[in-house]
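Overview (structure and organization)
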Amino acid sequence: MSEDLVIGDDGLARPLWASSNSMLREYYDSEWGMPITDESGLFERLSLECFQSGLSWAIILAKREAFRRAFANFDPEKVSLFSELDYQRLIEDPSIVRNQLKIRATIANAQATLALRDEGGLADFIWSFKPAQTPEPKTMEQIPTQSEESKQLAKALKKRGFKFVGPTTMYALMEAVGIVDTHLLGSHRRGSSGIWTG
């Protein structure tokens with residue numbers, strides 16, 4: 001078994017990052033890598049990955065409920081209508097990450113999400129970049145941080161007005177919503193999405 005896997009007190013193998021506290025373990029066991037195929041769900045994950053850029057995912061996950069309250073439960077129709085007053089409210093909200101560019105990007109991304117409905121919607125658009133195969137990492141070092149598909153997705157989203165959607169951030173999104181499976185071989189979650197087997 002990979003040295004990057006830790007056997008929990010429940011006998012299940014997880015990577016070290018998912019074993020460090022109960023919040024991350026619960027997220028890893030029940031959510032990370034499971035398919036998200038609805039507009040609101042993908043807009044939320046896209047927004048959270050945007051805020052995570054340069055930060056620890058644990059920080060974002062701990063603040064997720066606060067983000068949901070601040071951003072109208074990530075309803076893109078509501079967020080797209082946020083005014084300058086809403087922006088001021090957000091920049092003064094200590095319960096979220098108060099980054100001016102990321103807050104403005106999230107509002108712009110909501111507007112871009114609505115515009116994408118003419119092309120079939122955010123979910124179909126993002127999932128159209130699903131690769132023909134997924135990595136099969138045995139160690140954390142073998143997990144890519146971006147891919148040709150994440151580069152293409154980033155470029156396509158930027159062209160449609162999305163912000164903070166670089167190829168590394170988009171690869172993290174693809175991992176989080178099941179488009180690729182980067183669970184380590186030997187992890188109890190490997191293949192759990194039903195999208196990829198093995």
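Note that the structure is predicted; figures quoted are calculated from it, not measured. (Residues numbered from 1 in each chain as written. Predicted model: local features only at pLDDT ≥ 70, side-chain atom pairs only at ≥ 80, totals over all residues. Heavy atoms only, no water.)

So, about the packing of aromatic side chains. Scanning the model with the defined rule gives 11 aromatic pairs in all. With a centroid separation of 4.7 Å and 50 degrees between ring planes, the pair formed by F51 and F67 is classed as tilted. Here the residue F51 occupies a position in helix α2 (residues 39–52), and F67 occupies one in helix α4 (residues 64–70), the gap between them amounting to 16 residues. Ring geometry for F51 against F71: centres 5.8 Å apart, planes inclined by 55 degrees, an arrangement best described as tilted. Placement of F51 in helix α2 and of F71 in the loop between α4 and α5 (76–79) is noted, with a sequence separation of 20 residues between them. Judged by relative accessible area, which is 0%, F71 ranks as buried. Put simply, the rings of F43, F51, F67, F71, F74 and F82 pair up and form one aromatic cluster. (Phe/Tyr/Trp six-rings, centres within 6.5 Å; stacked < 30°, edge-to-face > 60°. Helix = DSSP H or I, 4+ residues; strand = E, 2+ residues; numbered from the N terminus. Buried < 20%, exposed > 50% of the residue type's maximum accessible area, 1.4 Å probe, protein only.)

In a regular helix each residue adds 1.5 Å, so 14 residues correspond to 20 Å; α2 covers 20 Å between its end C-alpha atoms and thus fits that length. Counting buried positions along α2 gives 12 out of 14 residues, so the element sits mostly inside the fold. Downstream of α2 by one or two residues, G54 has phi in the positive range, about 85 degrees. (Expected span 1.5 Å × (residues − 1).)

This brings us to unusual backbone geometry. One non-glycine residue with positive phi stands out, namely N73, at about 55 degrees. Residue position: N73 is located in the loop between α4 and α5. Positive phi outside glycine occurs at F74, with the angle close to 55 degrees. Its location among the elements puts F74 in the loop between α4 and α5.

One finds F67, F71 and I103 to be the most contacted residues of the largest nonpolar core, which totals 51 residues. Excluding anything up to four places from it in sequence, F71 contacts F51, V79, F82, L90, I96, I103 and T106. (Core = buried A, V, L, I, M, F, W, Y, C linked by side-chain atoms within 4.5 Å. Contact = heavy atoms within 4.5 Å.)

Another point: the pattern of salt bridges. Applying the stated criterion across every chain yields a total of 14 salt bridges. Notably, a salt bridge pairs R25 with D9, separated by 3.5 Å at the nearest N-O pair. Residue R25 is located in helix α1 (residues 22–30), and its partner D9 is located in the loop between β1 (5–7) and β2 (13–15); the two are separated by 16 residues in the primary sequence. On the accessibility criterion, R25 (30% relative accessible area) is partly exposed. On the basis of relative accessible area, D9 is assigned to the exposed category, the value being 76%. A salt bridge links R68 to E65, with the shortest nitrogen-to-oxygen separation between them at 2.7 Å. One end of the pair is R68 and the other is E65, both in helix α4 and three residues apart, which spans about a single turn. Among the charged side chains, a salt-bridge network with shared partners connects E31, E44, R45, R64, E65 and R68. (Salt bridge = Lys/Arg side-chain N within 4 Å of Asp/Glu carboxyl O.)

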